[in-house]
Amino acid sequence: MGSTLNLHEPQDLDDLTGLVVVVAGAGGAAGPPLVERLAAAGATVVAAGSNRDRIEGVVADINSRMPSGRVHADVVDMLDEQATRGWATRVASEHGRVDGLVHLVGGWRGGAGIVDFDLADWNWLHDRLIRTFQHTSRAFHDAIKASPRGRLVLISTVQTRAPSATNASYAAAKAAAETWTLAVADSFRGTEAAAVILQITALLTPAMRAARPDATFAGYTPVGELADTIHDLWLTPAAELNGQRL
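Residues numbered from 1 in each chain as written. Predicted model: local features only at pLDDT ≥ 70, side-chain atom pairs only at ≥ 80, totals over all residues. Heavy atoms only, no water.

Student: Give me the pairing of strand 3 (residues 71-75): which residues, what numbers.
Tutor: Looking at chain direction, strand 2 (residues 44-49) and strand 3 are connected through five bridges and run parallel. Across the sheet, the residue bridging to A48 is D74, located in strand 3. In this fold, the crossover linking strand 2 to strand 3 by way of helix 2 (residues 52-63) has right-handed handedness. (Pairing = 2+ DSSP bridges. Helix = DSSP H or I, 4+ residues; strand = E, 2+ residues; numbered from the N terminus. Right-handed = clockwise from strand over helix to strand, strands pointing away.)

Student: Tell me about the confidence of the model for the protein, residues and numbers included.
Tutor: This prediction gives the protein a mean pLDDT of 92; 94% of its residues lie at or above 70. This model gives residues 4-13 a pLDDT under 50, and the stretch forms 15 contacts once residues within four places in sequence are excluded. (pLDDT = per-residue confidence, 0-100. Contact = heavy atoms within 4.5 Å.)

Student: Can you explain the packing of helix 4 (residues 119-146) against helix 5 (residues 168-188)? Please cite residues and give values.
Tutor: Packing of helix 4 against helix 5 leaves a shortest axis separation of 9 Å and a crossing angle of 15°. Classified by the angle between their axes, helix 4 and helix 5 sit roughly parallel to one another. The way helix 4 lies across helix 5 gives a crossing that is right-handed. Of the residues in helix 5, those touching helix 4 at W122, L125, L129, I130, F133, Q134, S137, R138, H141, I144 and K145 are S169, Y170, A172, A173, K174, A176, A177, W180, T181, V184, S187 and F188. Taken together, the residues that form the contact of helix 4 with helix 5 break down as 14 nonpolar, six polar and three charged. (Axes fitted to C-alpha atoms, helices over the stretch in contact; angles between N-to-C directions. Parallel < 35°, antiparallel > 145°, perpendicular 65-115°, else oblique. Left-handed = near helix turned anticlockwise from the far one by under 90°. Nonpolar A, V, L, I, M, F, W, Y, C, P; charged D, E, K, R; others polar.)

Student: I'd love a proper account of the sheet that holds strand 3, names of residues and values included.
Tutor: The strand order across the open sheet built from six strands is 3-2-1-4-5-6, with neighbouring strands paired in parallel fashion. What marks the edges here is a single partner per strand, and that holds for strand 3 and strand 6 (194-200). Along the sheet, successive strands turn relative to each other by an average axial angle of 20°, direction set aside. Strand direction decides the pairing type here: strand 1 (residues 20-24) and strand 4 (residues 100-103), joined by four bridges, are parallel. Among the inter-strand pairings, V23 is bridged to a residue of strand 4, identified as V102.

Student: Pulling in residues and values, what's your account of the nonpolar core?
Tutor: Counting 37 residues, the largest nonpolar core has L38 and W234 as its most contacted members. Sorting the residues of this core by element identifies strand 1, helix 1 (31-40), strand 2, helix 2, strand 5 (151-157), strand 6, helix 7 (223-232) and helix 8 (238-241) as the ones contributing at least two each. Once residues lying within four places of it in the same chain are set aside, the contact partners of W234 are L16, L19, V21, L38, D99, G100, V102, R149 and R151. Formed by 24 residues, the second largest nonpolar core is a distinct cluster that contains A88, L101, F140 and A185. (Core = buried A, V, L, I, M, F, W, Y, C linked by side-chain atoms within 4.5 Å. Buried < 20%, exposed > 50% of the residue type's maximum accessible area, 1.4 Å probe, protein only.)

Student: Give a detailed account of the packing of helix 1 against helix 7, specifying residues and quantitative values.
Tutor: Two elements in contact, helix 1 and helix 7, have axes separated by 8 Å at closest approach and are oriented at 40°. With respect to helix 7, the axis of helix 1 lies oblique. For the pair helix 1 and helix 7, the crossing hand works out as right-handed. Mapping the contact onto sequence places P33, L34, R37 and L38 in helix 1 and V223, A227, D228, I230 and H231 in helix 7. A per-class count over the contact of helix 1 with helix 7 returns six nonpolar, one polar and two charged.

Student: A description of the packing of aromatic side chains should follow, citing residues and the corresponding values.
Tutor: How two aromatic rings sit relative to each other is given by the distance of their centres and the angle of their planes. In total, this model carries two aromatic pairs according to the counting rule given. Both rings, one in W87 and one in F140, keep their centres 5.0 Å apart while their planes meet at 85°; by these two values the pair is edge-to-face. One end of the pair, W87, is in helix 3 (residues 81-95); the other, F140, is in helix 4, and 53 residues separate them in sequence. The pair W87 / F140 is uniform in exposure class, with both members buried. (Phe/Tyr/Trp six-rings, centres within 6.5 Å; stacked < 30°, edge-to-face > 60°.)

Student: Outline the pairing of strand 1, supporting the account with residue identities and numerical values.
Tutor: The buried fraction of strand 1 is high, at five of five residues. Both faces of strand 1 are covered, namely the face carrying V20, V22 and A24 and the face carrying V21 and V23. Bridge count for strand 1 against strand 2 is five bridges, and the pairing is parallel. Pairing of V20 across the sheet is with T44, part of strand 2. Following the chain from strand 1 across helix 1 to the adjacent parallel strand 2, one finds a crossover that is right-handed.

Now the structure itself:
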């Protein structure tokens, strides 16, 4: 079904120096800590999303603590394939390379059973969870495959292994995105690039913890821990990662 990543011992903070990593959906809960973690490790990070105010706010905040020019904000409609391809071409041209894409674009709708849920929810989830990922993974595919440390990362859910009736559309959309990732992994076979799936139950943010300090949040993944795990994918050989569900 999957495996658990054996995290490396703490590394020098400059261990990602020279790499260029794109974080799509960087304005969400997992985005800011990931962007900051990668930038602190020396990577140039392109933080992208569809909401200009949110993305520019995230990048301005992180850049206030980072060396100048390390984090860049891009606004792009990832449901527009041509716009996404043009963006990817520009990123590769401006930075000379792309060594990774972390796809955080997401969303959730659920709460009703098989018969009662609104199929419009499926259409919405399909666009956000599958279509955006198809567009970004296709647009950056060749650059990542050519990188000596290329990584494509999908954040998914344990629901794909044990879906509930009330989450049928969400689980099915995530399962489709996982299958797409495994197909990309096949395309990467024999190279130093890897496509990998990280399955979680739910994310835990500092704000959630502050609001409920006594809650256990059993099974939740702290966003800082997720950021560390994603960072360590660039420290792990591609052959150990490619096509894995972790």
